[in-house]
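Single-letter residue listing:
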Amino acid sequence: MSDQNLTAIYAKDLIKSYGSFRALKGIDLQVHSGEIFGFLGPNGAGKTTAIRCMLDMIRRDNGIIEIFGKDPQTESVAVRDLCGYLPGELRLDENASVKSILNYLRRLRQGGKDCSAKISQLASRLDLNLDSKIKNLSKGNKQKLGIIAAFMHKPKLLLLDEPTSGLDPLVQQIVLELVKEAKQSGATIFFSSHVLAEVQSIADRVAIIKNGEIVEVGVTSSLLSKRAWRAKIKFVSDDSGRGAMIKDLEGVTVLEVSDDNKIFDIGIEGDVDPFIKFIANFEVDYLEINKPNLEEIFLSYYGD
Ligand code: ATP
């Protein structure tokens, strides 16, 4: 049993099959209260299935799920009350207005507390007309409606299935700001994404799911620091002995070197300082050092 104050989501050996196809093969997850947790994986990896199991929108076959210590299967109303959910795909009554849909969703909640001030504030920030009919909304504007529905009651836990999907870059930024603000107000945010740059910029921790299994979990910054730096350097002079000295530097791997011994492509594990100090002894024509990004980590799992 998880600590309901410290653990927002606890999943242990979570299994879900569709017929004979096993979509989740026993996943373990622990999302701490108050963190932004990014859930990464390619199409069909099982992200939506996991999120739906967390809300018991589809029933797990086996394993444990707790949302702030509550089982979504036996305490469904209480769990849904704690959560704001943005589905990957919204299906809405086309003839209704944005306002009436939000009002309907609000009333479905226990107590159905008034959120009109928050709705107006979110609609204004996202530039969505509350009087629009659903049938007249673009894909992006429907997504904005979904975001307002998830955030409007200031839930303790936000489960967001690809929140920035279909939005233009400016609105994507606003959504990321909303996520950060929700965290500042004490909420926990669990979101799936394909957009690695956004996960890298806001997630405290990340899990990578592949074929229904979690293949990596970690603090975003530690995952990033695990990867080797990549440096490209061109020295002014050729010096045949220099290559051997570079190879001897701790953590350094020479990936490629030009025939004239001037241009080096180098991988550096860990601290870059010894490498920088070493090259300071020479006249350098060109230097490029790239900090590895989440995309490279992600691709290292999906390279095949
Ligand atoms: P995406 O990034 O494309 O949204 P995802 O990681 O959310 O993908 P899921 O939608 O959870 O992946 O799907 C996981 C696997 O389960 C996929 O192979 C998918 O085809 C399968 N699947 C999902 N829903 C059903 C269903 N209702 N019936 C049968 N198979 C399903």
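All of these numbers come straight from a predicted model, not from anything done at the bench.

1. Quick notes on the pairing of strand β6 (residues 157-161)
- Judged by how many residues are buried, β6 sits mostly within the fold: five of five residues are covered.
- Where burial is concerned, the two faces of β6 agree: the one with L157, L159 and D161 and the one with L158 and L160 are both buried.
- Taken together, the four bridges between strand β5 (residues 83-86) and β6 define a ladder with parallel strand orientation. Counted as the bridge partner of Y85 is L159 from β6.
- As paired elements, β6 and strand β7 (residues 188-193) share five bridges and run parallel to each other. Across the sheet, the residue bridging to L160 is F191, located in β7.
- Note that the unit made of β6, helix α6 (residues 169-184) and β7 has a crossover that is right-handed.

2. Here's the deal with the domain arrangement of the chain
- Parsing the chain into structural domains produces domain 1 (3-220) and domain 2 (227-302).
- Here the C-alpha centroids of domain 1 and domain 2 sit 42 Å apart.

3. Quick notes on the sheet that holds strand β2 (residues 21-32)
- The antiparallel open sheet is built from three strands, whose spatial order is β2-β1-β4. Since the sheet does not close on itself, it has two edges, and those belong to β2 and β4 (62-67), each with one partner. Strand-to-strand twist of the sheet, defined as the mean angle between neighbouring strand axes without regard to direction, takes the value 15°.
- Pairing of strand β1 (residues 7-18) with β2 involves nine bridges; the strand directions are antiparallel. Paired with Y10 across the two strands is Q30, which belongs to β2.

4. A closer look at the environment of N129
- Mapped onto the secondary structure, N129 falls in the loop between α4 (116-126) and α5 (139-151).
- For N129, a relative accessible area of 45% translates into the label partly exposed.
- On a C-alpha basis, the gap between N129 and V98 in space is 7.7 Å, while along the polypeptide they are 31 residues apart.

5. Considerations on the packing of α4 against α6
- Two elements in contact, α4 and α6, have axes whose closest approach is 10 Å; the angle formed by their N-to-C orientations is 145°. On the side of α4, the interface is formed by L122, R125 and L126, while α6 contributes V171, I174, V175, E177, L178 and E181.
- The class makeup of the residues in the contact of α4 with α6 is six nonpolar, no polar and three charged.

6. Observations regarding the site of the ligand
- In the vicinity of the ligand there are 13 residues, among which N43, G44, K47, T48 and T49 approach most closely.
- Taking T48, its side chain carries an N or O atom lying 2.7 Å from an oxygen atom of the ligand.
- Within the side chain of H194, a nitrogen or oxygen atom sits 3.0 Å from an oxygen atom of the ligand.
- Relative to its unbound accessible area of 640 Å², the ligand is 60% covered by the protein chains.
- Ranked by residues supplied to the shell around the ligand, first place goes to helix α1 (residues 47-54) with three residues.

Cut-off values and rules
Each residue is numbered by its place in its chain's sequence as written, counting from 1. Under the rules for a predicted model, residues below a pLDDT of 70 receive no local features and side-chain atom pairs below 80 are neither given nor counted, while totals for whole chains, interfaces and linings still include all residues. Heavy atoms from the whole structure form the basis of all side-chain values; hydrogens and water molecules are not counted. Categorising residues by exposure relies on relative accessible area from a 1.4 Å probe, with only protein chains included: less than 20% of the type maximum marks a residue as buried, more than 50% marks it as exposed, and the intermediate range marks it as partly exposed. Strands here are runs of E lasting at least two residues and helices are runs of H or I lasting at least four, both read from the DSSP assignment and numbered beginning at the N terminus. Pairs of strands are assigned from DSSP output, requiring at least two bridges between the strands. Orienting the strands away from the viewer, one traces the path from the first strand over the helix to the second; a clockwise path indicates a right-handed crossover. Note that the domain bounds were set by an automatic or database domain assignment. The angle between two axes is taken between their N-to-C directions and runs from 0 to 180 degrees, where each axis is a line fitted to C-alpha atoms and a helix contributes only its stretch in contact. Contacts are residue-level and defined by heavy atoms, with any inter-residue pair within 4.5 Å sufficient. Under this grouping Gly is polar, as are all residues other than the nonpolar Ala, Val, Leu, Ile, Met, Phe, Trp, Tyr, Cys and Pro and the charged Asp, Glu, Lys and Arg. Neighbouring residues are identified by heavy atoms, a residue being near a molecule or strand if any of them is within 4 Å of it. Whenever a nitrogen or oxygen atom comes within 3.5 Å of another N or O atom, the pair is scored as a polar contact, on the condition that within protein one atom can donate a hydrogen and the other can accept it, and that pairs from neighbouring residues in sequence are kept only if both atoms are in side chains. Note on areas: these come from Shrake-Rupley sampling with a 1.4 Å probe, and a residue is covered only by the protein chains present in the view.

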